[in-house]
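# Summary of structural features
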Amino acid sequence: MKYSEWRKIYKKILDDFSIEKKQDERAARILTDYRDQSVSLKDIREIVNDEVIILGNASILKKQLTNRVRFNKTVIAADGATEVAINEGIVPDLVVTDLDGDMTSILKAHERGSVLVVHAHGDNIDKIKKWCPKIDKFLSTTQAKPFNAVYNFGGFTDGDRAVFLAVEFGARDISLYGFDYKDAKDRKYKKLQWAKKLIEKCRDKNDVNIHHIH
Ligand SMILES: Nc1ncnc2c1ncn2[C@@H]1O[C@H](COP(=O)(O)OP(=O)(O)OP(=O)(O)O)[C@@H](O)[C@H]1O
Ligand SMILES: Nc1nc2c(c(=O)[nH]1)N=C(CO)CN2
Ligand SMILES: [Mg+2]
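Residues numbered from 1 in each chain as written. Chains lettered and ligands numbered in written order. Predicted model: local features only at pLDDT ≥ 70, side-chain atom pairs only at ≥ 80, totals over all residues. Heavy atoms only, no water.

As named in an unreviewed UniProt entry, the chain is 6-hydroxymethyl-7,8-dihydropterin pyrophosphokinase, taken from Methanohalarchaeum thermophilum. Note on the chain: under the UniProt heading Function (unreviewed entry), the record states "Catalyzes the transfer of diphosphate from ATP to 6-hydroxymethyl-7,8-dihydropterin (6-HMD), leading to 6-hydroxymethyl-7,8-dihydropterin diphosphate (6-HMDP)." (UniProt positions renumbered as here; feature names shortened; annotations may be inferred.)

As structure tokens, then:
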């Protein structure tokens with residue numbers, strides 16, 4: 001999604017969650033301290049196939065992954081879903097994270113070959129400073145205005161950002177495991193309602209198939 005289009009949605013999100021844009025921008029600038037660790041867009045393009053599986057972190061995920069035959073599509077884990085995937089012996093091709101999932105599992109996945117997509121926002125600056133030095137290579141994203149090698153493909157939560165990223169890199173058919181927008185409370189519930197709305201928007205704008213696996 002172009003930033004000119006995302007900006008209108010971003011304004012509504014800033015209002016809805018009382019997020020300070022200036023802090024999001026500050027976080028994005030801090031990511032540039034790690035620019036020598038950048039993964040190229042070409043690397044991401046090679047990873048994302050036509051058919052993609054995205055793992056969200058709803059409590060149903062574990063059951064959905066247990067006893068499944070291994071996937072032969074691109075697998076993208078959204079943050080906390082990485083822990084469930086790794087415990088089931090699945091190494092995601094990509095992990096989309098704002099660094100508040102289980103970092104031991106995320107770093108383990110990275111050691112085993114997962115490429116990380118690290119998102120900066122005003123409320124994870126400490127986590128960026130703590131974890132980015134420990135990551136070999138990653139792609140940087142922001143929800144504010146993109147610049148240099150800090151990208152914005154659209155999306156807000158780790159899960160819907162994974163959908164926007166997949167579509168940006170050519171995915172046409174996306175299966176969502178571990179997505180249950182009602183399975184949370186308070187601020188997290190509100191975030192999941194945004195995730196749902198944004199995934200629908202992404203599907204309608206790009207005419208891609210998105211299946212929720214139950
Ligand atoms: N019921 C659910 N509970 C948690 N995550 C869900 C659920 N359904 C879908 N998801 C997706 O899985 C993603 C990863 O979940 P995780 O629990 O790691 O969330 P999170 O790191 O707190 O999310 P965020 O940082 O995006 O708020 C979420 O960003 C969301 O898009
Ligand atoms: N500033 C800010 N940005 C975010 C936040 C958040 O809590 N604060 N949470 C997100 C998804 O969980 C994504 N972006
Ligand atoms: Mg997260």
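Still to come is the rest of the account.
### Describing the site of ligand 1
Residues in close proximity to ligand 1 total 19 residues, the closest being D79, G80, D100, T157 and K188. With respect to ligand 1, the side chain of D100 contributes an N or O atom lying 2.8 Å from an oxygen atom. A distance of 2.8 Å separates a nitrogen atom of ligand 1 from a polar backbone atom of D180. Burial of ligand 1 by the surrounding chains reaches 90%, relative to a free accessible area of 570 Å². Placement of ligand 1 is best described as lying within the largest pocket. (Near = heavy atom within 4 Å. Polar contact = N/O pair within 3.5 Å; in protein donor to acceptor, adjacent residues only side chain to side chain. Areas by Shrake-Rupley, 256 points an atom, 1.4 Å probe, with all protein chains shown as cover. 1 Å grid on protein atoms, 1.4 Å probe; cavity = no way out; pocket = protein on both sides within 12 Å on 5 of 7 lines; lining within 4 Å. Sits in = over half its atoms within 2 Å of the grid points.)

### A few points about the coordination of the magnesium ion (ligand 3)
Taken together, the protein donors to the magnesium ion (ligand 3) comprise D79 (OD), D98 (OD), D100 (OD) and D158 (OD), at separations of 2.0 to 2.1 Å. Around the magnesium ion (ligand 3) sit 6 donor atoms; with metal-centred angles ranging over 74 to 171 degrees, the donor geometry is octahedral. Mapped onto the sequence, the residues coordinating the magnesium ion (ligand 3) show the spacing D-x18-D-x1-D-x57-D. When its relative accessible area of 9% is taken as the criterion, D98 is described as buried. When its relative accessible area of 48% is taken as the criterion, D100 is described as partly exposed. (Donors = N, O, S within 2.8 Å, 3.2 Å for Na, K, Ca; no water. Tetrahedral: all angles 85-135°; square planar, octahedral: opposite > 155°, others 65-115°. Buried < 20%, exposed > 50% of the residue type's maximum accessible area, 1.4 Å probe, protein only.)

### Re the layout of surface pockets
Leftover empty space is mapped by rolling, across the atoms, a probe with the size of a water molecule. Approximately 630 Å³ is the volume found for the largest pocket. Around the largest pocket sit 30 residues that line it, and T157, D158, K188, K191 and L192 are the ones nearest its centre. Of all elements in the fold, only α8 (158–168) and α9 (186–206) reach the threshold of two or more residues within the lining of the largest pocket. The element contributing the most residues to the lining of the largest pocket is α9, with 5 residues. Among the residues making up the lining of the largest pocket, the classes are represented as 9 nonpolar, 10 polar and 11 charged. (Points joined across faces, edges and corners; volume = space filled by probe spheres on them. Helix = DSSP H or I, 4+ residues; strand = E, 2+ residues; numbered from the N terminus. Nonpolar A, V, L, I, M, F, W, Y, C, P; charged D, E, K, R; others polar.)

### Structural notes on a positive patch on the surface
Residues R7, K8, K11, K12, K21, K22, R26, R29, K129, K145, K197 and K201 make up a contiguous surface patch of positive charge. Elements with a contribution of two residues or more to the positive patch: α1 (3–17), α2 (21–31) and α9. Relative to the helices and strands, K22 resides in helix α2. (Patch = residues over 30% accessible without salt bridge, like charges linked within 9 Å, V, L, I, M, F, W, Y side chains within 5 Å. Salt bridge = Lys/Arg side-chain N within 4 Å of Asp/Glu carboxyl O. Lys, Arg positive; Asp, Glu negative; His and termini not counted. Charge placed at Lys NZ, Arg CZ, Asp CG, Glu CD.)

### What about the packing of aromatic side chains?
The geometry of an aromatic ring pair is captured by the separation of the ring centres together with the interplanar angle, meaning the angle of the planes. Tallied over the full model, the rule gives 5 aromatic pairs. On the basis of an interplanar angle of 35 degrees and a centroid distance of 5.2 Å, the ring pair of F17 and F156 is categorised as tilted. With a gap of 139 residues between them, F17 in helix α1 and F156 in the loop between β6 (150–151) and α8 connect regions that are remote in the sequence. With a centroid separation of 5.8 Å and an interplanar angle of 5 degrees, the aromatic rings of Y151 and F153 are classed as stacked. Given a relative accessible area of 21%, Y151 falls into the partly exposed group. Residue class for F153 comes out buried when judged on its relative accessible area of 8%. An aromatic cluster is built from Y151, F153 and F169, whose rings are joined through pairwise contacts. Across from the ring centre of F17, 5.0 Å away, lies the NZ or CZ of K190, which sits over that ring. (Phe/Tyr/Trp six-rings, centres within 6.5 Å; stacked < 30°, edge-to-face > 60°. Lys NZ or Arg CZ within 6 Å of the ring centre and 35° of its normal.)

### Here's the deal with the site of ligand 2
Around ligand 2, the neighbouring residues are I19, D24, H121, G122, D123, Q143, F156, T157, R187 and K191. The cavity that encloses ligand 2 is the largest pocket. Counted by class, the shell around ligand 2 contains 2 nonpolar, 4 polar and 4 charged residues.

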